[in-house]
Amino acid sequence: TLDLSLIPSDAISKIVVTKGASSVLYGANTMGGVINIVTKKGGKKPVTELISSYGNNATQAYILNHGAALGDLNYWLTASYRSSDGFELSDDFNENNPHTGMGTSYNEDGGTRDLSDYIKRTINAKIGYEPDADTKLYLSFDYHNNERGIPTESSRYWYFTTWDQWHANLVGQKTFADFVTLKGRLFYTRHTDELTDVGWDEDHTSTPKWFETSEYDGYSRGGELQSAFDFGDASLLKIGFSYTRDRTKQTEFCDEECMGVIRWGDPVGYQPEEEYVTDTYTFAVEDEINPTDKLSLVFGASYDYHDPKKATDGGADLPEIPDSTSTFNPQVGVVYYATSATTVHASVGKKTRFPHMQELYSNYAGGNPELDPQQTITYEVGVDHRFSSRVS
């Protein structure tokens, strides 16, 4: 699950949230909206700062920021270390509570929440090259190490003994003759972790483990290319193409005390590996037209194509890899500037989310091969009015 707390706030310049029907140029799987997190870049004035904070339960954080510009180059670096022994439960917590106390699936005795401790280490680096106002090229890299417990809501006692993730992005933008703008991006994300079940005690009084360790290894890689043609008020035409490959591998290790061995007869040792590979393509066109000073129209459509490539379960190819799926997603919006203080807007758009291969086939995740793509149509009507410089 995405953990936005991994991104240190000191490395963030701004966050843009688009709710509902986002631009078709964002591609598939943006059903609920888009969150665009923009990281900082170095400015002409060099900045160096060291921030530290402390709290109860040995909670502590140390953050180092440094940024500057050297001619056409700029850079920003952030390194952080955060750790804690966990968070406190309510003072009203009762360890004899029949639902959450000792002897229940939570097995809590109060005080510090079990397995809420963590260590987070992060490095962010961003290097930019801007030789002129029409040219930008940025390379960014970040690495996250997050060893932590999992305070689950059942009789599991899980701990991430390994949790590593890193990203690399190369982004460029070039404007030609104030008429054509090209944007491109290449990215690679890699994630590995090892989840350990620490629930079975020596006296065998706790629930048996689901596994000894569960290992995960996955990556996403791809890119996008967008072009914008500015015809003035007549039209701002944008054309985009994107491609993403997702690959995941997962395997469990069971010993003699593993629930899988006890209940299902799985062999001792590493269980058969699951592997899933999918490709997703998007081709999108969006046009903004301003027929008058008071009226703005936006028309867009995307063609999203989902192509499963590999699915293995139990060490062998699954009998049927799902067929490729494609969807057409139109969108239209209108903005009317009634007065200098009042704006009326409306939009309707269709979005699609394709199921992950694990959601289709994984034994561990309870896969359902009958899943179809999720589709939604979003309608929005709104009015903005500014009563004064302080009230709107």
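Our subject in this report is the structure included herewith. (Residues numbered from 1 in each chain as written. Predicted model: local features only at pLDDT ≥ 70, side-chain atom pairs only at ≥ 80, totals over all residues. Heavy atoms only, no water.)

## Topic: a negative patch on the surface
Logical step 1: On the surface, Asp72, Asp132, Asp134, Asp178, Asp230, Asp233 and Asp293 cluster together into a negatively charged patch.
Logical step 2: Checked against the element boundaries, Asp132 lands in strand E6 (residues 118-132). (Patch = residues over 30% accessible without salt bridge, like charges linked within 9 Å, V, L, I, M, F, W, Y side chains within 5 Å. Areas by Shrake-Rupley, 256 points an atom, 1.4 Å probe, with all protein chains shown as cover. Salt bridge = Lys/Arg side-chain N within 4 Å of Asp/Glu carboxyl O. Lys, Arg positive; Asp, Glu negative; His and termini not counted. Charge placed at Lys NZ, Arg CZ, Asp CG, Glu CD. Helix = DSSP H or I, 4+ residues; strand = E, 2+ residues; numbered from the N terminus.)

## Observations concerning the pattern of salt bridges
Logical step 1: Scanning the model with the defined rule gives nine salt bridges in all.
Logical step 2: Residue Glu224 is joined to Arg185 by a salt bridge in which the shortest nitrogen-to-oxygen separation is 2.8 Å. Of the two residues, Glu224 sits in strand E10 (residues 213-230) while Arg185 sits in strand E9 (residues 180-197), which places them 39 residues apart along the sequence.
Logical step 3: When its relative accessible area of 23% is taken as the criterion, Glu224 is described as partly exposed. (Buried < 20%, exposed > 50% of the residue type's maximum accessible area, 1.4 Å probe, protein only.)

## What about the environment of Asn57?
Logical step 1: On the secondary structure map, Asn57 appears in the loop between strand E3 (47-54) and strand E4 (60-70).
Logical step 2: On a C-alpha basis, the gap between Asn57 and Ser84 in space is 6.3 Å, while along the polypeptide they are 27 residues apart.
Logical step 3: Leave out the neighbours within four places in its chain, and Asn57 touches Ser84, Asp85, Gly86, Phe87, Glu88 and Thr112.
Logical step 4: Only 3.1 Å separates the side chain of Asn57 from the backbone oxygen of Gly86, close enough to count as a polar contact. (Contact = heavy atoms within 4.5 Å. Polar contact = N/O pair within 3.5 Å; in protein donor to acceptor, adjacent residues only side chain to side chain.)

## Observations regarding the pairing of E6
Logical step 1: Summarising the sheet, strand E5 (residues 73-84) and E6 pair through twelve bridges and their orientation is antiparallel. Of the residues in E6, the one forming a bridge with Asn74 is Gly128.
Logical step 2: Sheet topology note: the E6/strand E7 (residues 135-150) ladder contains 13 bridges and is antiparallel. Bridging from a neighbouring strand, Lys120 pairs with Asn146 of E7.
Logical step 3: Count of turn residues in the E6/E7 antiparallel hairpin: two residues. (Pairing = 2+ DSSP bridges.)

## Notes on the nonpolar core
Logical step 1: Of all hydrophobic cores here, the largest spans five residues; its members are Tyr276, Ala311, Met357, Leu360 and Tyr361.
Logical step 2: In terms of residues, this core owes the most to one element, helix H2 (residues 357-361), which gives three residues.
Logical step 3: Non-local contacts of Leu360, meaning those with residues more than four positions away in its chain, are made with Pro322, Pro355, Gly367, Asn368, Pro369 and Leu371. (Core = buried A, V, L, I, M, F, W, Y, C linked by side-chain atoms within 4.5 Å.)

## Focus on the packing of aromatic side chains
Logical step 1: A complete count under the given rule lists eleven aromatic pairs for this structure.
Logical step 2: When the ring of Phe179 is compared with that of Phe231, the centres are 5.2 Å apart and the planes differ by 75°; the resulting orientation is edge-to-face. A residue pair is termed long-range when its members are at least 10 positions apart, and Phe179 in the loop between strand E8 (158-176) and E9 and Phe231 in the loop between E10 and strand E11 (236-254) qualify at 52 residues.
Logical step 3: Here Phe179 falls in the partly exposed class, since its relative accessible area comes to 32%.
Logical step 4: For Phe231, a relative accessible area of 43% gives the class partly exposed.
Logical step 5: Taken together, the aromatic side chains of Phe141, Trp166, Tyr188 and Tyr219 make up a single cluster linked through ring pairs.
Logical step 6: Just above the ring of Tyr118 sits the side chain of Lys120; from NZ or CZ to the centre is 5.3 Å.
Logical step 7: Over the face of the ring belonging to Tyr138 we find Lys126, whose NZ or CZ atom lies 5.3 Å from the ring centre. (Phe/Tyr/Trp six-rings, centres within 6.5 Å; stacked < 30°, edge-to-face > 60°. Lys NZ or Arg CZ within 6 Å of the ring centre and 35° of its normal.)

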